[in-house]
Amino acid sequence: MPTKVPGAEDFVPDTHDLSVLADASQACRGCELYADATQSVFGQGSAAATVMLIGEQPGDQEDKAGAPFVGPAGRLLDKALEAAGIDRGSVYVTNAVKHFKFTLPERGKRRIHKTPSRTEVVACRPWLMAELDAVRPDVVVLLGATAAKALMGNDFRLTAHRGEVLSLPTTDLDLDLDPRVVATVHPSSVLRGPPENREQALEALTDDLRVAARLMGDS
Ligand code: URA
Ligand code: SF4
């Protein structure tokens, strides 16, 4: 008998109600990441949003607050969205993975973010699919390689395709939806990069968000 691949599907209720989905995600045991995190961090925003922004996973502050993109990366994202003319109030913001993955270097030290594995990203994808199906956005913005690979496939090269207008692959994702897709860097990469390049990196992120803003105008 084939062994069952672990994943979130057994925990995702059959509903388009985002608050019911968010509550249910707290009980998810689709991978090991629930065990050390404070809580799941579900997406936030209106079900009527036309744009969905997808990051990687909650960070330290998001894990404590229970809301996506409220820490340093979120502040940078807010700045880029404003510069691109996108109102954060009009978008739905979420992450590819709902629980914070981290290492504890030493007692009392700050928790260090760890990139989720492909297995964890795939395990968590049913939540993302449920969000996409509930919000049905016209435009999806993939922030960073983890989000991009979660939806575009593991071979997707962000550096080759950032800022392009893409479609979701028809294979693999069982989704009756055809949004325009724009992939760009993760806001944290702007913060992590060399300070002398920060301005330029922020401008490049903003330019990619402007592509999404134009698509919003078209739909
Ligand atoms: N980074 C992410 O990808 N998502 C968050 O919510 C915060 C930081
Ligand atoms: Fe479930 Fe995703 Fe959390 Fe893993 S990270 S336990 S799949 S919600």
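Under an unreviewed UniProt entry, the name given to the protein chain is Type-4 uracil-DNA glycosylase, and the organism recorded is Mycolicibacterium litorale.

A. The arrangement of the sheet that holds strand S1 (residues 51-55) in detail. Pairing is mixed in the open sheet, where 5 strands are placed in the order S2-S1-S5-S7-S6. On the outer flanks of this sheet lie strand S2 (91-95) and strand S6 (166-167), each paired with one strand and no other. Relative to strand S7 (residues 180-184), S6 runs antiparallel, the two being bridged by 2 bridges. Paired with Ser 167 across the bridge in S7 is Arg 180. Where helix H8 (residues 198-218) meets the sheet, its contacts fall on S1, strand S5 (139-143) and S7, and the angle it forms with S7 comes to roughly 170 degrees.

B. Main features of the site of ligand 1. Around ligand 1 sit Gly 55, Glu 56, Gln 57, Pro 58, Gly 59, Glu 62, Pro 68, Phe 69, Ala 73, Asn 95 and His 186, and those are all the residues in its vicinity. A distance of 2.7 Å separates a nitrogen atom of ligand 1 from a polar atom in the side chain of Asn 95. Here an oxygen atom of ligand 1 sits 2.6 Å away from a polar atom, N or O, in the side chain of His 186. Protein contact buries 94% of the 240 Å² of open area that ligand 1 shows by itself. When each cavity is represented as a set of grid points, ligand 1 is found to reside in the largest pocket. Here the residues of the shell around ligand 1 are counted per class, giving 4 nonpolar, 5 polar and 2 charged.

C. Broad picture of the pattern of salt bridges. As enumerated under the stated definition, the model contains 12 salt bridges in all. We note a salt bridge from Arg 88 to Asp 78, for which the minimum N-O separation is 2.8 Å. In this pair, Arg 88 sits in the loop between helix H3 (72-84) and S2 while Asp 78 sits in helix H3, placing the two residues 10 residues apart along the sequence. Among the salt bridges present, the one from Arg 136 reaches Asp 176, with a minimum N-O distance of 3.8 Å. Taken as a pair, Arg 136 in the loop between helix H4 (118-135) and S5 and Asp 176 in the loop between S6 and S7 lie far apart in primary sequence, 40 residues in all. Using a relative accessible area of 37% as the deciding quantity, one classes Arg 136 as partly exposed. Sharing partners across several salt bridges, the network here consists of Asp 60, Asp 63, Lys 64 and Arg 111.

D. Quick peek at the pairing of S1. Of all the 5 residues making up S1, 5 are buried; the element is thus mostly covered by neighbouring parts of the structure. Here S1 pairs with S2 via 5 bridges, running parallel. Paired with Gly 55 across the bridge in S2 is Asn 95. Strand direction decides the pairing type here: S1 and S5, joined by 4 bridges, are parallel. Opposite Val 51, over in S5, you have Val 139 as the bridge partner.

Cut-offs and rules
- Residues numbered from 1 in each chain as written.
- Chains lettered and ligands numbered in written order.
- Predicted model: local features only at pLDDT ≥ 70, side-chain atom pairs only at ≥ 80, totals over all residues.
- Heavy atoms only, no water.
- Pairing = 2+ DSSP bridges.
- Helix = DSSP H or I, 4+ residues; strand = E, 2+ residues; numbered from the N terminus.
- Contact = heavy atoms within 4.5 Å.
- Axes fitted to C-alpha atoms, helices over the stretch in contact; angles between N-to-C directions.
- Near = heavy atom within 4 Å.
- Polar contact = N/O pair within 3.5 Å; in protein donor to acceptor, adjacent residues only side chain to side chain.
- Areas by Shrake-Rupley, 256 points an atom, 1.4 Å probe, with all protein chains shown as cover.
- 1 Å grid on protein atoms, 1.4 Å probe; cavity = no way out; pocket = protein on both sides within 12 Å on 5 of 7 lines; lining within 4 Å.
- Sits in = over half its atoms within 2 Å of the grid points.
- Nonpolar A, V, L, I, M, F, W, Y, C, P; charged D, E, K, R; others polar.
- Salt bridge = Lys/Arg side-chain N within 4 Å of Asp/Glu carboxyl O.
- Buried < 20%, exposed > 50% of the residue type's maximum accessible area, 1.4 Å probe, protein only.

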